[in-house]
Structure formats: structure tokens, C-alpha cells
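Here's the letter readout for the chains.
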Amino acid sequence: MIAPSKIALRTVDRFCADVPKAHLIGVAGAGMQALAEVLLSRGWQLSGSDANAESAAWLSDQGVALSTNQLLINGAPEVIYSDAVATDHVERRLATRLGLCQSSYPQIVGRLMAGARGLAVAGTHGKSTTTAMLASIMTQADLDPTVFCGATPLGKTSGGRAGAGEWLLAEACEYRENFRFLRPEVAVLLNVEPDHFDYYRSTRELEAAFRRFAERIPEDGTIIANVACPATRRVIAAAECRVVTFGLTSPADWQAAKIRHIHGRYSFTLQQHGQERGTVMLQVPGRHQIGNALAAAATAESLGVALPKIVAGLENFRGLRRRLEYLGHAGGVELWDDYAHHPTEVRATLTALRTMYPERRVWCVFQPHQVSRTQSLVDEFAGSLQNADRVAIAEVFVARETPDVDPLELAEQLASRVRARGAAVLPDCRPQAILNDIVAAARPGDVVITMGAGDIRKRFDELAHRFRADRTSR
């Protein structure tokens, strides 16, 4: 009898043999780079295009032909596109004229999952970190998973991993209800909050989408759910499969006890049904990471992973790029970067920094992401930024929408709201002016974090150099 892992691998190999060559549009995106890494390991021949192709330069070393001119389909029988690529994109129009098969990133991940045992992590916040934590545990336990993570682990080239085991672990995004392409047997539901205002018209629509995702889990499958989130509790209320719960503040199957921290990095005791199972010391900062670790631990245990392996996997996890990532110090100033683009995430990140640096002055350079999100959550953003000593609001990053307001004026409106609540806010929202103001006013011992899902990190790449040069010239 063939083991399940062998069946899964043969199915995937057959799929890859059917389409051995593909062109990836939007290849520089985090998810697309993860996909490229997995497909290359499966023997695919790839080409790719992206206006920011230089940020995926590592793929060139793997034999992937990259282009920024977006006219490099090169006769590939299949075109795979990032979900951020519109239908009127020049290469998608060309692919349509040529009659090529076109699939989105989530569709391809769904097709690969169909040939494996599927495990998906969904939720408004924490998807990437929880996926990466779980991947670390599963790798520690020799389950050798294939992984699709929407962020890059520190020290790695992408969030993709081509394993030989039977499990395929994927981050499941709710945008455009993309998780509908996945049919996992185990799913994690971290939290449910309004975020994608350019797609969901109401909270009711959002929760209905998550409910449909939960209904895709088979009766003999498992949902790992955060019962501290009221919306998550509503989503799983009618679930017909097994439900395992976790939570920091609510009674749950899995909880954390004896919580302590050393300079913002937390240790805690894992409790299952009230019984202590082991002590974990996380290497990534922030109290919010305890919830992600609980979700990963509960999921791993449901797969049969032993507690020592769970603890080791969590403690070996070193973090992700742009998830409260330490960039080093320059001119006596500590530099951090984070992907936070929702008030809940902004608040959690600044709380973590404040815990690490209680006596330091914290500067936050926040670039709002999307006009619709900024307009819908302007007051929530204003409140979430109050934990910084100095705040700069950069011009809104426009993505996936045609704005009806000027992005700079909207940033100025948010800055005014933040200022009205009492925070000290820099007067100019233009990135170059912000950079100049911070370099001039920051002093040794300060902490500066750039924050947002747009191009804020790229715009501030010269920050460390400017700090060093400024200190030298004084």
C-alpha cells in the first residue's frame, strides 16, 4: 500500500509534468517569489516580469529570465499572475490574445494543495508569522512540509519551501475571497476584522466569506480557532468539523500562563485543557506573538507533533522580513521596520517597541496603505499611533484602486487627526521632507521605525547612511 505522502507527491509531480514551463506576472511579490521557489524545486522552467524585478534578483541566479518591460511571456504555455495584477495588464491581454492558460497565484496554490494534505492559515492579522512558526515546528518534527508564506523568513530568499512530506501549508488570504481556492483538511482562523474596504462592502460580507471558508473544511478535518475574537466565534458557530480553540483572554483548549518578558521578548507556559505542557521562550518581540505561537502549537499538536518538537520549533523561529524587523543602528539610533497597515497591527507593533525601549524616544514613520482603508479607519489609525513620541505620516500609498482624493492631502488629514489627539506630528507628509526632518532632529538613543505595506522601507533605505553621515559632519 502506498503511503499518503507518496500519493501526494506523485499527484504534484504529475501536475508539474503537465505544465513544465510558466511565466509569472508580478514575480516580485512575496507570494509569487514563494511560488517560484517551490515550482523551481519541482522542475519547472520559469520566466517572470515585474516593474520591481530587481527585488527578485535572486531568481536570476536560479535560471529565471526576469524582465521589467512586461513583454517576456516567451511562449510559456501557462501564465501565472499575482492577484495585484489587473485584467487589463499588458501581458494578461497578450496572453488572452495568444490563447494561453491563465491562473492566479491563489488558484495555483489551490491546485497544488489538491494533490497534498492541505493546511491553511487565515485571519486578518498574523497569517504570515503563524504560517512561518508552524513551518518551523513541522520542519523540526521532520514532517518536511511544502510551504507558501506571504513573507520571507530572516536569512531566506523567499517564503516558499518545497518539501517532500505529505503536508502543504499555505497562508490563506481573504482578499477577493481568495481562500475559496483552497480546500484544506486543517485550517487556522486567527481573527476577523474589516481590512479590505475595496472589496468587502460590510463586516457582514467579510464574516460570510470566512464562514464559507470554514465550511470547506471536511467533517473529519479540524479548525483551530481564536475564541478571543468575537467575529471568529461567530464564523465557527455552525462548523461541523472538530474545533480546537486557543486564546489569551478567553477560556480555551490552549492558553498561555506565567507570561513574562525580557526586553520585549516573551516566555510563557503552554497550557492544554488547563494542564501545563511546556515552557516557550520566543525569539521574536511583542506580546501579540504569544497568540500566534498558541495557534501554531495547537495546530501542530493536532497533527500529532510531540510537545518537545513544538517548543523547539517555536524557539528556533527568528522572525520574518518586515515583521518588526531590526535593521541595526546608525549614529546611535536604533532602526526597525514593520509591515503594519491596520490600526490593530500598528498598535501592537508600537506597544512592542515601547516595551523593549521604555525609556527611549520612539519615532514612527507611518505610510498608510490604500485610500479606502485610510478613509474608513482614519480615527482608528489616529488612536493607534499615540504610543509614539514623534509621528510622521507619509503620503498614502495607492494600491489596487483609483483614488478620488489626493493621497498627500489624505495623509495630511490623518496627520491632523493624530495631532488633535495629542501626539507630536511632523509638519510635512512628503517622504523626503520627513527623512530630512528626522535626520536633523533624532538624537543618539532614539528609536525609529518605518511602518506600512507600501514602499516606505525602500524610500527610507538611505536612513542609516544619512544618520552616519550626519553624525560624522557634526
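You'll find the structure just up there.
Reading guide: rules and limits
Numbering of residues starts from 1 in every chain and runs along the sequence as written. For this predicted model, a pLDDT threshold of at least 70 governs which residues receive local features, and a threshold of 80 or more governs which side-chain atom pairs are given and counted, while totals over whole chains, interfaces and linings are taken from all residues. Each side-chain value is worked out from all heavy atoms of the structure, with water and hydrogens disregarded. The secondary structure listing takes helices from DSSP runs of H or I that are at least 4 residues long and strands from runs of E that are at least 2 residues long, numbered from the N terminus. Only C-alpha atoms enter the radius of gyration; for comparison, a globular chain is expected to reach 2.2 Å times N to the power 0.38, where N is the number of residues. When accessible area is computed with a 1.4 Å probe and restricted to protein chains, residues below 20% of their type maximum are described as buried, those above 50% as exposed, and intermediate ones as partly exposed. In what follows, residue pairs with any heavy atoms lying within 4.5 Å of each other are defined as contacts. We score Asp and Glu as negative and Lys and Arg as positive, and we do not count His or the chain ends. Here the site of a charge means NZ on Lys, CZ on Arg, CG on Asp, or CD on Glu. Under this definition, polar contacts are N or O atom pairs within 3.5 Å; protein pairs additionally need one hydrogen-donor-capable and one acceptor-capable atom, and for neighbouring residues in sequence, both atoms have to be side-chain atoms. A pair of strands is labelled paired if DSSP reports no fewer than 2 bridges between them. Angles shown run from 0 to 180 degrees and are taken between the N-to-C directions of axes, each axis being a line fitted to C-alpha atoms and, for helices, limited to the stretch in contact. Residues with no salt bridge and a relative accessible area higher than 30% make up the patches, which join like charges within 9 Å and nonpolar side chains (Val, Leu, Ile, Met, Phe, Trp, Tyr) within 5 Å. Using a 1.4 Å probe, the Shrake-Rupley method yields the accessible areas, and only the shown protein chains count as cover for residues. Every case where a carboxyl oxygen of Asp or Glu lies within 4 Å of a side-chain nitrogen of Lys or Arg is listed as a salt bridge. For cavity detection a 1 Å grid was placed over the protein atoms alone, and a set of points counts as a cavity when a 1.4 Å probe fits there but cannot get out; an open set counts as a pocket when protein lies on both sides within 12 Å along at least five of seven lines, with lining residues being those that have an atom within 4 Å of a point. Grid points are joined across faces, edges and corners, and a volume is the space filled by probe spheres set on the points. In this description, a nonpolar core means a group of buried Ala, Val, Leu, Ile, Met, Phe, Trp, Tyr and Cys residues linked to one another through side-chain atoms lying within 4.5 Å. For Phe, Tyr and Trp, rings pair up if their centres lie within 6.5 Å, where Trp contributes its six-membered ring, and each pair is then called stacked (planes under 30 degrees apart), edge-to-face (over 60) or tilted (otherwise). Each angle gets one of four labels, with under 35 degrees taken as roughly parallel, over 145 as roughly antiparallel, 65 to 115 as roughly perpendicular, and the rest as oblique. By convention the crossing between two helices is left-handed if the near helix lies anticlockwise of the far one by an angle smaller than a right angle, and right-handed if it lies clockwise. Here the nonpolar group is Ala, Val, Leu, Ile, Met, Phe, Trp, Tyr, Cys and Pro; Asp, Glu, Lys and Arg are the charged ones; every other residue, Gly included, is treated as polar.

Considerations on the overall build of the chain
In terms of helices and strands, the chain carries 16 helices and 21 strands. In terms of overall size, the chain behaves like a compact globule, its C-alpha atoms giving a radius of gyration of 22 Å where 474 residues would be expected to give roughly 23 Å. Each principal axis of the C-alpha atoms in the chain carries an extent, and together these give about 75 × 60 × 45 Å. Across the 474 residues of the chain, 56% fall into the buried class. The contacts in the chain between residues at least 6 apart in sequence include a share of 66% that link residues at least 24 apart. Separation between the mean location of the 53 positive side-chain charges and that of the 52 negative ones in the chain comes to 3 Å.

Digging into the side chain of Thr146
Here Thr146 shows up in strand β7 (residues 146–148). A polar side-chain atom of Thr146 sits 2.9 Å from a polar atom in the side chain of Arg42. Setting aside chain neighbours within four positions, we find Thr146 in contact with Val38, Arg42, Arg161, Ala162, Gly163, Trp167, Leu168 and Leu169.

What to know about the environment of Gly278
With respect to the helices and strands, the residue Gly278 is situated in strand β15 (residues 275–285). Sequence spacing of Gly278 and Pro368 is 90 residues, and the spatial spacing of their C-alpha atoms is 40 Å. In this view, Gly278 contacts Phe268, Thr269 and Leu270; residues no more than four positions away in its chain are not counted.

A look at the sheet that holds strand β4 (residues 78–81)
Pairing is parallel across the open sheet formed by 5 strands, whose spatial order is β3-β2-β1-β4-β5. The open sheet terminates on both sides in strands that have one partner only, identified here as β3 (65–67) and β5 (101–104). The sheet shows a mean angle of 20° between the axes of neighbouring strands, direction not considered. Examined bridge by bridge, strand β1 (residues 21–25) and strand β2 (residues 45–49) share 5 bridges and lie parallel to one another. Bridge pairing in β2 links Leu24 to Gly48. Each of β1, β2 and β4 touches helix α2 (residues 30–41); the most contacted strand, β4, lies at about 145° to it. Contacts from helix α4 (residues 105–113) reach β4 and β5 within the one sheet, and its direction differs from that of β5 by about 90°.

Concerning a negative patch on the surface
On the surface, Glu215, Glu219, Asp220 and Glu240 cluster together into a negatively charged patch. In this structure, Asp220 sits in the loop between α6 (203–215) and β11 (222–226).

Notes on the sheet that holds strand β18 (residues 362–366)
Here we have 6 strands laid out as an open sheet, ordered β16-β17-β21-β18-β19-β20, and mixed in their pairing. What marks the edges here is a single partner per strand, and that holds for β16 (325–330) and β20 (424–425). Relative to β20, strand β19 (residues 390–393) runs parallel, the two sharing 2 bridges. Opposite Arg390, over in β20, you have Ala424 as the bridge partner. The sheet strands contacting helix α10 (residues 343–356) are β17 (333–338), β18 and β21 (447–451), and the helix crosses β21 at an angle near 165°. Lying over the sheet, helix α13 (residues 407–420) contacts β18, β19 and β20, oriented at roughly 160° with respect to β19.

Observations regarding the layout of surface pockets
For the second largest pocket, the calculated volume is near 450 Å³. Lining the second largest pocket are 20 residues, and of these Ala132, Ala135, Ser136, Pro153 and Lys156 lie nearest its centre. Counting residues per element, the ones that place at least two in the lining of the second largest pocket are α5 (127–140) and β8 (160–161).

Overview of the nonpolar core
Core analysis: the largest hydrophobic core is formed by 46 residues, its most contacted members being Ile80, Phe148 and Leu189. Here Leu189 is in contact with Ala122, Phe210, Phe213, Ala214, Ile223, Ile224, Ala225, Asn226, Thr232, Val235, Ile236 and Phe246, once residues within four sequence places are set aside. Leu190, Val244, Ile290 and Val311 belong to the second largest nonpolar core, which has 43 residues in total.

Let's talk about the pattern of salt bridges
All chains considered together, the criterion is met by 22 salt bridges. With its nearest N and O atoms 3.1 Å apart, the salt bridge here joins Lys258 to Glu276. A residue pair is termed long-range when its members are at least 10 positions apart, and Lys258 in strand β13 (residues 254–262) and Glu276 in strand β15 qualify at 18 residues. In this structure, Arg457 engages Asp337 in a salt bridge whose closest nitrogen and oxygen atoms are separated by 3.3 Å. In this pair, Arg457 sits in helix α15 (residues 456–459) while Asp337 sits in strand β17, placing the two residues 120 residues apart along the sequence. Each of Arg322, Glu325, Asp337 and Arg457 takes part in salt bridges that share partners, so that together they form one network.

Topic: the packing of aromatic side chains
Applying the stated rule across the entire model yields 7 aromatic pairs. When the ring of Tyr326 is compared with that of Trp336, the centres are 5.0 Å apart and the planes differ by 55°; the resulting orientation is tilted. Remark: Trp336 occurs in strand β17 and Tyr326 occurs in strand β16; sequence separation between them is 10 residues. By relative accessible area, Trp336 is classed as buried at 4%. Their ring planes at 75° and their centres at 6.4 Å tell us that Trp336 and Tyr357 sit as a pair that is edge-to-face.

What about the packing of α5 against helix α8 (residues 288–302)?
Put simply, α5 and α8 touch, their axes get as near as 9 Å, and they point 45° apart. When the axes of α5 and α8 are compared, the pair comes out oblique. Along this stretch, α5 crosses α8, giving a crossing that reads as right-handed. Note on element contacts: α8 touches α5 through Gln289, Asn292, Ala293, Ala295, Ala296, Ala297, Thr299 and Ala300, opposite Thr129, Thr130, Met133, Leu134 and Ile137. Among the residues forming the contact of α5 with α8, the class breakdown is 8 nonpolar, 5 polar and no charged.

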